[in-house]
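Architecture and fold: a report
Next come the chains, spelled out residue by residue.
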Amino acid sequence: MSDLSFGVYIIPRDTKHSRDLAMRMEDTAFDTAWVGDTLGDWRDRSAPLLDPWVTLGALASETEDLELGMLVTNLAWRDPVQVARFAMTVDQLSNGRFVLGLGCGQVDDQLMAGRTVHEMSAKERVDRLEEGTAVID
C-alpha cells in the first residue's frame, strides 16, 4: 500500500465545470480536489473567479469520497474567525473530508486586496498568519 495521494487543483470559474470535474474525480484514482483562495487568476486576469469557500461547500454536497482542500487561504486579508467558521461548515458538509491550508499571501493577492494589504511587510503578513492560526485552532 502506498502513502501517495493524487489531487487536482480546481479553478473556481464555473460551477458546472467544477462540479463535473469533481464528480469525474470520484470515479478515478484521484484522492483530493483543491480550490485556491485567490482574488484573481494570473493565467487570465479578465476571467472572474467564484468564491472558493462557496465552491468547496457545493463540492462537499455533491461528492462522497473525495477529500476537499483549500490551497491556501490568505490570512493577510482574511478574518481568522470567519475562516474558522467557513472551515467548520465545509468540514461538516463534507463529513470530515476537508483539509485547511493557511498562508500569508502572494503578491497578486496583495495587489488585488488593496493598498493596506499591499503595503504590509512580510513580517506583518507572517505575524497575521501566526495569530490567525492560533485563533482558528
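Everything numeric in this text was worked out from a predicted model, so none of it was measured.

Conventions adopted
Residues numbered from 1 in each chain as written. Predicted model: local features only at pLDDT ≥ 70, side-chain atom pairs only at ≥ 80, totals over all residues. Heavy atoms only, no water. Helix = DSSP H or I, 4+ residues; strand = E, 2+ residues; numbered from the N terminus. Buried < 20%, exposed > 50% of the residue type's maximum accessible area, 1.4 Å probe, protein only. Contact = heavy atoms within 4.5 Å. pLDDT = per-residue confidence, 0-100. Axes fitted to C-alpha atoms, helices over the stretch in contact; angles between N-to-C directions. Parallel < 35°, antiparallel > 145°, perpendicular 65-115°, else oblique. Left-handed = near helix turned anticlockwise from the far one by under 90°. Nonpolar A, V, L, I, M, F, W, Y, C, P; charged D, E, K, R; others polar. Core = buried A, V, L, I, M, F, W, Y, C linked by side-chain atoms within 4.5 Å. Phe/Tyr/Trp six-rings, centres within 6.5 Å; stacked < 30°, edge-to-face > 60°. Polar contact = N/O pair within 3.5 Å; in protein donor to acceptor, adjacent residues only side chain to side chain.

Along the backbone of the protein chain there are six helices and six strands. Seen in sequence order, the protein chain has helices and strands lined up from the N terminus as β-α-β-α-β-β-α-β-β-α-α-α. Out of the 137 residues belonging to the protein chain, those deemed buried represent 38%. In the protein chain, 77% of the contacts between residues at least 6 apart in sequence involve partners at least 24 apart.

Our next topic: the confidence of the model for the protein chain. Averaged over all residues, the pLDDT of the protein chain equals 85, while 88% of them reach at least 70. The least confident element of the protein chain, judged by mean pLDDT, is helix H4 (residues 107–113) at 53; the most confident is helix H3 (residues 80–93) at 97.

With that out of the way, let us pick up the packing of helix H2 (residues 52–62) against H3. At their nearest, the axes of H2 and H3 sit 8 Å apart, and the two run at 15° to each other. Considered as vectors, H2 and H3 are oriented roughly parallel to each other. Relative to H3, H2 is oriented so that their crossing is left-handed. Two secondary-structure elements touch here, H2 through Trp-53, Leu-56, Gly-57, Ala-60 and Ser-61 and H3 through Val-83, Phe-86, Ala-87, Val-90 and Leu-93. The residue makeup of the contact of H2 with H3, split by class, is eight nonpolar, two polar and no charged.

One finds Ile-10, Trp-53, Leu-56, Leu-68 and Phe-98 to be the most contacted residues of the largest nonpolar core, which totals 22 residues. Those elements that provide at least two residues to this core are strand S1 (7–10), helix H1 (15–26), strand S2 (32–35), H2, strand S3 (67–70), H3 and helix H6 (122–136). The leading source of residues in this core is H2, at four residues. In this structure Ile-10 touches Ser-18, Leu-21, Ala-33, Trp-34, Val-35, Gly-36 and Leu-59, once residues within four positions along its chain are discounted.

Let us now look at the environment of Gly-7. Counting through the fold element by element, Gly-7 comes out in strand S1. Discounting residues that sit within four places of it in the chain, Gly-7 has contacts with Phe-30 and Thr-32.

So, about the environment of Gly-57. For Gly-57, the position within the fold is in helix H2. For the pair formed by Gly-57 and Phe-86, sequence separation is 29 residues and the distance between their alpha carbons is 8.8 Å.

As a further point, take the packing of aromatic side chains. Applying the stated rule across the entire model yields two aromatic pairs. Aromatic side chains Trp-53 and Phe-86 sit 5.4 Å apart centroid to centroid with 35° between the ring planes, which places their arrangement in the tilted category. Placement of the pair is Trp-53 in helix H2 and Phe-86 in helix H3, with a sequence separation of 33 residues. We classify Trp-53 as buried; its relative accessible area is 4%. Exposure remark for Phe-86: the relative accessible area of 25% places this residue in the partly exposed category. Summarising the aromatic geometry, the rings of Trp-53 and Phe-98 are spaced 5.8 Å apart at their centres and angled 55° between planes, so their arrangement reads as tilted. Residue Trp-53 is located in helix H2, and its partner Phe-98 is located in strand S5 (residues 98–99); the two are separated by 45 residues in the primary sequence. Site record: aromatic cluster; members linked through ring pairs are Trp-53, Phe-86 and Phe-98.

Right, let's get into the side chain of Asn-74. Turning to its location among the elements, Asn-74 is positioned in strand S4 (residues 73–74). One polar contact links the side chain of Asn-74 to the main-chain amide nitrogen of Ala-76, over a distance of 2.7 Å.

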